[in-house]
Amino acid sequence: MFSVSQTFLCNWLFLLVLWTSQGYSDDAVAPPIVLWHGMGDTCCFPFSLGSVTKMLKSKIGESLYVKSVRIGESIITDYESGFFVHPNKQVEEVCKQLSNDSKLQNGYNAIGFSQGGQFLRAIAQRCPHPPMLNLITLGGQHQGVFGLPNCPSLSHRSCESFRKMLNIAAYTEWMQNFLVQATYWHDPLNEEKYAQQSSFLADINNEKSINQTYIDNLMKLNSFVMVKFTEDTIVQPLQSQWFEFYAPNQDKIILPLNESAIFTEDKLGLKAMMAANKLIFLESKGNHLQFTEEWFTKNIIPILQP
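Residues numbered from 1 in each chain as written. Predicted model: local features only at pLDDT ≥ 70, side-chain atom pairs only at ≥ 80, totals over all residues. Heavy atoms only, no water.

Q: What is the right way to look at helix 5 (residues 115-126) in this model?
A: Think of an α-helix as 3.6 residues a turn; residues three or four steps apart then line up on the same face. Here helix 5 contains twelve residues, and its C-alpha end-to-end distance of 17 Å stays within 8% of the 16 Å for a straight helix at 1.5 Å per residue. Of all twelve residues in helix 5, eleven are buried; the element is thus mostly enclosed. All of the buried residues along helix 5 are Q115, G116, G117, Q118, F119, L120, R121, A122, I123, A124 and Q125. (Helix = DSSP H or I, 4+ residues; strand = E, 2+ residues; numbered from the N terminus. Expected span 1.5 Å × (residues − 1). Buried < 20%, exposed > 50% of the residue type's maximum accessible area, 1.4 Å probe, protein only.)

See the structure below:
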């Protein structure tokens, strides 16, 4: 016969085992995190995404699983992919990586840096398995760019060459296949040509035609967080980070998101997501991807935890 104290002790031990087995320990509760780097970066530089991974583990728990996306078999191929591997091919490869990763099957949070932000949004829209829980984009160009003011990791001469090529021939088939940045080049002076010939951004923004699957999958997110850097000299216009862009047929006036066709016609489900409080707009003072650990801890870490 058990005494009252023995029975209590057994029940307590049973609940403790059950609690632990269900993943409620401090280190186990947080879902895994997928990172995707930006142009001129790689998955694994210790001073960039390597430091982000280290920070995430220090804030959330050392057992946190963090997958930093790599394209190809090496850091070199991953770096080159940021310029010369079409986003559709990159998204297809990463979709396979995620679907084959047993640690992600119950869902994951995603953090995209610069162009990695719109690439991860394409993952959310095209690859619903495993499920993406929350999407956080830091400096993502959701309405594209119309200018390359300061290319990271490139010389001024290289930047100027890319800019000239894009201004002249962004929507030619050759350029769309050759240069990643051409696939999200958005010319507000020629919206029709952009919608017809952009081989990536116009598609994931449902500006070619309406893909209902994209809408349905994006709306499955618990939250879609967009971070804008208020002194950004890389993204032009910087408001693209909040899904805003120039009003059509000029390049001076920025149209607020809630006045744009993509919102008012709900081409991507953003209007419905805003109504459901799933859209979160954050600001970070500073240039492109410049944020402090204090800012990240206050604004981003809570989203990554249950």
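Q: How do you make sense of the nonpolar core when you look at a structure like this?
A: Side chains of nonpolar character tend, in soluble globular proteins, to be buried together. By size, the foremost hydrophobic cluster in this structure holds 53 residues, and its most contacted members are W36, I123, M132, F224 and L270. A total of five residues in this core trace back to one element, the largest contributor, which is helix 5. What M132 contacts, discounting residues up to four positions off in sequence, is Y108, A110, L120, I123, A124 and L221. If you look at the next biggest cluster of nonpolar residues, it comprises 24 residues, including I33, L56, V66 and I303. (Core = buried A, V, L, I, M, F, W, Y, C linked by side-chain atoms within 4.5 Å. Contact = heavy atoms within 4.5 Å.)

Q: Help me understand unusual backbone geometry, please; the structure alone is not making it clear to me.
A: Across residues other than glycine, the phi torsion is negative in most instances, and most of the peptide bonds are trans. Cis geometry marks the peptide bond from H129 to P130; its omega dihedral reads 0 degrees. Here P130 lies in the loop between helix 5 and strand 4 (132-138). One non-glycine residue, D266, lies in the positive phi region at around 50 degrees. Within the fold, D266 resides in the loop between helix 11 (261-264) and helix 12 (270-275). Classification of D266 as partly exposed rests on a relative accessible area of 24%. Phi angles above zero are rare outside glycine, and N277 is one such case at about 60 degrees. Mapped onto the secondary structure, N277 falls in the loop between helix 12 and strand 8 (279-284). Overall, the relative accessible area of 66% leaves N277 in the exposed class.

Q: Before we go on, may I ask you to explain a nonpolar patch on the surface in this structure?
A: Taken together, the side chains of F84, W174 and F178 define a hydrophobic patch exposed on the protein surface, amounting to about 330 Å² of accessible area. Mapped onto the secondary structure, F84 falls in helix 3 (residues 75-84). Under the relative-accessibility criterion, F84 is labelled partly exposed at 42%. (Patch = residues over 30% accessible without salt bridge, like charges linked within 9 Å, V, L, I, M, F, W, Y side chains within 5 Å. Areas by Shrake-Rupley, 256 points an atom, 1.4 Å probe, with all protein chains shown as cover. Salt bridge = Lys/Arg side-chain N within 4 Å of Asp/Glu carboxyl O.)

Q: Can you walk me through the environment of P237 in this structure?
A: Relative to the helices and strands, P237 resides in the loop between strand 5 (223-229) and strand 6 (245-246). With 94 residues separating them along the chain, P237 and Q143 place their C-alpha atoms 9.2 Å apart. If we skip the residues at most four places from it in the chain, P237 touches F146, F245, Y246 and I254.

Q: Hey, could you run me through the environment of K267 in this one?
A: Mapping K267 onto the fold places it in the loop between helix 11 and helix 12. Through-space distance from the C-alpha of K267 to that of I210 is 6.6 Å; in sequence the pair is 57 residues apart. Those residues within four positions of K267 in sequence are excluded, and the remaining contacts are N205, N206, I210, I215, A261 and I262.

Q: Any chance you could explain the pattern of salt bridges here in plain terms?
A: Opposite charge on two side chains lets them pair, provided their charged atoms get close. Within this structure, the stated rule accounts for four salt bridges. Measuring nitrogen to oxygen at the nearest pair gives 3.7 Å for the salt bridge that ties K228 to E283. Taken as a pair, K228 in strand 5 and E283 in strand 8 lie far apart in primary sequence, 55 residues in all. The closest approach of N and O atoms between E265 and K267, which form a salt bridge, is 3.8 Å. Overall, the relative accessible area of 52% leaves E265 in the exposed class.

Just distances and angles here, no functional claims.
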